[in-house]
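# Geometric and topological summary
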Amino acid sequence: MSKQSLDRILQSQGFGTRKWCAGLVAEGNVSIGGEIVTDERQRFETDGLEFSVYGEPWLFREHVYLALHKPADYECSRKPSHHPGVLSLLPEQFSNRDVQPVGRLDHDTTGLLLMSDDGSFIHKQSSPKHHVPKVYVATTHDPVTPQLVAQLLQGVKLNDEPAPLSAVLCETLDEHRLKIVLEQGKYHQVKRMLAAAGNHCSALCRTQICELKLESLGLAEGEWCYLDEAMLASLKPAV
Ligand code: URA
């Protein structure tokens, strides 16, 4: 439990500098419990605090945990160069509070992307030590064969990797589609593994992280949602 002044609260939630937030309050743009609050120094208990800015309701969140259905032609990097960044798909409050993608998807990869401003969550989800399984559906240029599946399961050697990398699970979905589960997150890993096994990945979608399935979120491409407690629990690896 902690009480904070309204300008600090708004700043922590990504509404701008403390001075800017003080101005938002003084100009009557912020209300709590249906009442406009004009004193930026008034203190409120942050736990469970609901407030509105320009009539839009917000809930105080110490950290934010989001899922985005990433469309193609968006970059995950902080300084996108050829395509817009994924942060441009979210309200600007999130980039102001340093929300970042958890790991990276290539600009042409679609699917489930987690985002957060909680460094420890980002670390746990992306560290190879935590073995977070990620499920991809890869569309292949050449037909999927039992040999391709076997090779991906046995392990393929990539140029800059000392040891062969293998899929935890690999299944044929149809003639040109493969479900592949990885626990590492090496650069272009699925595409490079398919190339090393003699095929070519022509489209890639991440459909699941740990037990959290993209389809269960009901998000169209470009849409995002907050992760609730149950969704966060489904992201904890079993180990
Ligand atoms: N593997 C790839 O090759 N690309 C991605 O975006 C994710 C995994």
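Residues numbered from 1 in each chain as written. Predicted model: local features only at pLDDT ≥ 70, side-chain atom pairs only at ≥ 80, totals over all residues. Heavy atoms only, no water.

Interface size is commonly expressed as the accessible surface area that is lost when the partners come together. What the domain assignment reports for the protein is domain 1 (3-59), domain 2 (65-128 + 212-234) and domain 3 (133-209). Taken over C-alpha atoms, the centre of domain 2 sits 22 Å from the centre of domain 3. Counting from both sides, the interface comprises 15 residues of domain 2 and, opposite them, 10 residues of domain 3. Taken over both partners, the interface formed by domain 2 and domain 3 buries close to 1,100 Å², and the fraction arising from carbon and sulfur atoms is 42%. Inspection of the domain 2/domain 3 interface yields 2 salt bridges. The salt bridge involving Lys 191 is made with Asp 106; its shortest N-O contact spans 2.7 Å. On inspection of domain 2 and its partner domain 3, the count reaches 8 residue pairs in polar contact (both at pLDDT 80 or more). The leading source of residues in the side of domain 2 that touches domain 3 is strand β9 (residues 110-116), at 5 residues. (Domains from an automatic or database assignment. Contact = heavy atoms within 4.5 Å. Buried area = accessible area lost by both parts, 1.4 Å probe. Salt bridge = Lys/Arg side-chain N within 4 Å of Asp/Glu carboxyl O. Polar contact = N/O pair within 3.5 Å; in protein donor to acceptor, adjacent residues only side chain to side chain. Helix = DSSP H or I, 4+ residues; strand = E, 2+ residues; numbered from the N terminus.)

Turning to the side chain of His 69, a few remarks are in order. In this fold, His 69 is placed in strand β7 (residues 65-70). A polar contact is formed between the side chain of His 69 and the backbone oxygen of Leu 219, at a distance of 2.8 Å. In this view, His 69 contacts Gly 111, Leu 214, Leu 219, Ala 220, Glu 221, Gly 222 and Glu 223; residues no more than four positions away in its chain are not counted.

Let us now look at the environment of His 188. Mapped onto the fold, His 188 is located in the loop between β12 (177-182) and α6 (189-196). In the structure, His 188 is positioned 84 residues away from Arg 104 in sequence and 9.4 Å away in space, judged by C-alpha atoms. A polar atom in the side chain of His 188 sits 2.9 Å from the side chain of Asp 106.

Before going further, it helps to examine unusual backbone geometry. Leaving glycine aside, a negative phi is the common case for residues, and trans is the common case for peptide bonds. Positive phi is not limited to glycine here, since Tyr 54 has a value of about 50°. Within the secondary structure, Tyr 54 sits in the loop between β5 (50-53) and β6 (56-59). A relative accessible area of 58% means that Tyr 54 is categorised as exposed. Although it is not a glycine, Asp 73 sits at a positive phi angle of roughly 70°. Tracing the backbone shows Asp 73 in the loop between β7 and α3 (92-96). (Buried < 20%, exposed > 50% of the residue type's maximum accessible area, 1.4 Å probe, protein only.)

Before going further, it helps to examine helix α2 (residues 18-26). When α2 is considered as a whole, its buried residues turn out to be Cys 21, Ala 22, Leu 24 and Val 25. Along the axis of α2, the buried residues cluster in a sector spanning 155°; they form a single face. Residues Lys 19 and Trp 20 are exposed on α2 and point more than 90 degrees away from its buried face. Against α1 (6-12), β2 (30-32) and β5 lie the buried residues of α2. (Arc of directions from axis to C-beta.)

Further remarks concern the pattern of salt bridges. Applying the stated criterion across every chain, the model contains 9 salt bridges. With a closest N to O distance of 2.8 Å, Arg 97 and Asp 117 form a salt bridge. Highlighted residues: Arg 97 in the loop between α3 and β8 (100-101) and Asp 117 in the loop between β9 and α4 (119-126), separated in sequence by 20 residues. Linking Asp 174 and Arg 177 is a salt bridge whose minimum nitrogen-to-oxygen distance equals 2.9 Å. Under the relative-accessibility criterion, Arg 177 is labelled partly exposed at 34%. Salt bridges sharing partners connect three or more residues here, namely Asp 106, Asp 108 and Lys 191.

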